[in-house]
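Fold and contact review
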Amino acid sequence: MPKHSLAHRQLLLVAFLVLLLPILAACGGAPAGGGQTTEASTAAPAASAQAPAASAGAAGAAAASTAAAPAAGAQASGGEFHGAYPYQLPPKGHFNTFATDSILGGTIYHDLLEMPLALYKWDPNEFVSMLATEWEVIEPDTFRVQLREGVKFNDNTDFNAEDVVDTFNLLRLQNTVVWRYLESVAAEGDNTVNFKMKEPSTVVQRYVLRERIRSDSVYGEWADKARTLFEGGATSDSQEVKDLRQEFEAFRPEAMVVNGPFQIDPASITEAQLTLTKVPTAWDANTVNFDRVVLYNGETPAITPLVLSKEVDYATHGFPPATEKAYQQQGIDIVRPPVYSGPALFINYNVVKPLADPKVRQAIAMAINKDENATVSLGESAKKSQYMAGVADRILERWVSEEDRTKLNAYDYNPEEAARMMESLGFKKDGDVWVSPDGTRLEYELGFPAEFADWSAAGQNLATQLTNFGIKTTPRPVTFSQWTPDMDNGRFQLGINAWGAGNPHPHFSYVADVLTHNAPQAPGPGMAFPLKQQTESLGEVDLQELTVQSAAGLDEEAQKATVTKLATAFNELLPIIPLWERYGNNPVLRDARVTGWPAQGDPIYNNSPYADSFVVLMILDGTLKGVQQ
């Protein structure tokens, strides 16, 4: 099959659906089982996918590989790694990893199959070379990537630059966020790819490097059709592009062709589990120690007994505190990596009109005991956000000065002050229920994904707290696979979904906070929060424009001013109300099947368990090994 080139620019901003599956999948807090979403897939799930001052990619400076090529010699081997992640059983589950419901597409284990150009370590804040060996920004507008030579797919075709070009051609067809910044992607020989930026931005580095690269032998024909349309002047809004997009998302390859060290064994796929088998010809086969990776299917209720019976070496699900305690009593370790995200209260502003005034939302934020909500949901693995700015505290501290952070309202629990604020705004109590100045009783349903133990607990507790405050709230558990479509289409009143994102640049958090589940980015009206707002602190702000500007240019110091504006505006407006920041409570079974686990406190555990999985990194670099039987 011929290789292909890519041309003209994509003009449409599309927010990630976030994201959020990297951040969310298999965590008891994901809108769909396993995976990242549009943003995350072009960056990481949630997905999902920009690293401040990353050593590999400072403007104009070449970045050398931080991971050596596998050493020659006998192939590493030995044993199995047992993990857990939800997936869809065929025929609903399939092998088109660009489309919804692909088997392991967008999950943390996707990186073992169709590998990214690089992975990211939060400490020491650098990328680790995978399919790319070097990268650099060539000012004013080009991001150049040098590819690893000698890599083959498991169908024996060579990996080269056109596989990368094809991958990004199809991301353009799908309106992914990276094309908000790119004008073109072109091969220069077999092993170099030039990403010409329409809008130079530091986030392009991560969008590009964290993308999983697919095979031209599988997807080349589709990429060629997309390229032809765009070179002919079509845009993402053109009907022929929409038609091709719909056709492509229905495409079902017979198998997944991989460039990584593992492949899915189709015969192993059952409702309960599947097996990844090692590819002996993979470029890193000498480094990866396991012969097989067994993944058990299911959300928290299905995986809990498997962890207790020690059938699982590692899981990312959001386990309740009582379950966590039972694990520890069985001698199973618990690691608590930051997720850089958490659940928030979302409001449908088309329906819940009395909450349109930000001062009402500020009162509600003070009426919620967020420490209590955190504790009942995840115990030690949930912490109230210190800054309430829509970005994880650790990330915000890199981008917003201490002086500006001190101006942010923490919205500490103060129900008396919250009640006074409601009264000052003209609300009155009718019995135990607040009534708005126009006579509307504040009585609503609160939706949340039923299967996610942490979000479900948070939802039940929040409904009780709001009712006690005077907003009569009925909890409404919804099947997790239906919850995000319901939200995006405006079929909710109040709801719980994710705030923040496990990506080092705050841009991605604000995409999650105000764009992903909101018009015009959501498939429907979503929460219908107007993106142009009047604030007391900054005057009129356009949250979409600020979100785009936060990633504009190649000077991160200049970006910090925009991030500070976003943090200030979010903190005042509270378009969504963060409940708490999640930390993993990931069970680790040491030295049963798997050895090499670092001790608690190791820097690797600063990586999110989702967007930059520390477990996947340690499988790929050979840190984790099978126990000798």
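The structure we're discussing is the one just above.
Worth saying up front: this structure is predicted, and the values here are computed from it rather than measured. Counting restarts for each chain, with residues numbered from 1 along the sequence as it is written. Totals for whole chains, interfaces and linings use all residues, but because this is a predicted model, local features are given only for residues with pLDDT of at least 70 and pairs of side-chain atoms are given and counted only at 80 or more. Processing note: side-chain calculations cover all non-hydrogen atoms of the structure and skip hydrogens and water entirely.

Before going further, it helps to examine the overall build of the protein. Helix and strand labels come from DSSP, where a helix needs a run of H or I of at least four residues and a strand needs a run of E of at least two; each type is numbered from the N terminus. A tally of helices and strands in the protein yields 19 helices and 25 strands. For the exposure calls, accessible area comes from a 1.4 Å probe over protein chains only, and a residue counts as buried if that area is under 20% of its type's maximum, exposed if over 50%, partly exposed in between. Within the protein, the proportion of its 629 residues that are buried is 62%. Shrake-Rupley sampling with a 1.4 Å probe provides the accessible areas, and residues are treated as covered by the protein chains on show and by no other component. Carbon and sulfur atoms make up 48% of the accessible area of the protein, which amounts to about 21,000 Å² in all.

The relative placement of two packed helices is expressed as an angle between their axes plus a distance between the axes. Packing of helix α7 (residues 300-308) against helix α8 (residues 321-329) leaves a shortest axis separation of 10 Å and a crossing angle of 20°. In terms of orientation, α7 lies roughly parallel with respect to α8. For the element pair α7 and α8, the recorded crossing hand is left-handed. Seen from α7, the contacting residues are Thr 304, Val 307 and Leu 308; seen from α8, they are Thr 323, Ala 326 and Tyr 327. Looking at the contact of α7 with α8 residue by residue, the class counts come to 4 nonpolar, 2 polar and no charged. Lines fitted to the C-alpha atoms define the axes, with helices restricted to the stretch that makes contact. Angles between their N-to-C directions range from 0 to 180 degrees. Any angle from 65 to 115 degrees is called roughly perpendicular, while one under 35 is roughly parallel, one over 145 is roughly antiparallel, and all others are oblique. Here is the rule for handedness: rotate from the far helix to the near one, and if that takes an anticlockwise turn smaller than a right angle the crossing is left-handed, while a clockwise turn gives right-handed. The criterion used for residue contact is that any of the two residues' heavy atoms lie within 4.5 Å. Following the grouping adopted for this structure description, the nonpolar residues are Ala, Val, Leu, Ile, Met, Phe, Trp, Tyr, Cys and Pro, the charged ones are Asp, Glu, Lys and Arg, and the polar ones are all others, Gly among them.

Here we take up the environment of Gly 490. Secondary-structure assignment places Gly 490 in the loop between α15 (480-488) and β18 (494-500). Expressed as a C-alpha distance, the spacing of Gly 490 and Asn 350, which sit 140 residues apart in the sequence, is 8.2 Å. What Gly 490 contacts, discounting residues up to four positions off in sequence, is Asn 348, Pro 525 and Gly 526.

Glancing now at the sheet that holds strand β5 (residues 142-147). Note: two strands are recorded as paired if DSSP finds a minimum of 2 bridges between them. With antiparallel pairing, the 4 strands of this open sheet are ordered in space as β4-β5-β7-β6. Single-partner strands in this sheet number two, and they are β4 (132-138) and β6 (182-187). Going across the sheet, the axis of each strand differs from the next one's by a mean of 15°, ignoring polarity. As judged from the 5 bridges shared by β5 and strand β7 (residues 192-197), these two strands associate in the antiparallel manner. Within β7, the position partnered with Arg 144 by the bridge is Asn 194. Contacts between helix α3 (residues 161-173) and the sheet are confined to β5, β6 and β7, with β6 contributing the most and set at about 155° to the helix.

As a further point, take unusual backbone geometry. Note on backbone geometry: most residues besides glycine have negative phi, and most peptide bonds are trans. With an omega of 10°, the peptide bond running from Pro 90 to Pro 91 counts as cis. Cis geometry is adopted by the peptide bond preceding Pro 520, which originates at Ala 519 and carries an omega value of 10°. Tracing the sequence through the fold places Pro 520 in the loop between α16 (506-515) and β19 (532-535). Positioned with a positive phi, Asn 125 is a non-glycine residue whose angle comes to about 65°. When you line up the elements, Asn 125 lands in the loop between β2 (118-121) and β3 (126-129). In this structure, Met 388 is a non-glycine residue whose phi angle is positive, near 50°. Position of Met 388 relative to the elements: it lies in the loop between β13 (382-383) and α11 (393-399). For Met 388, a relative accessible area of 0% puts it in the buried group.

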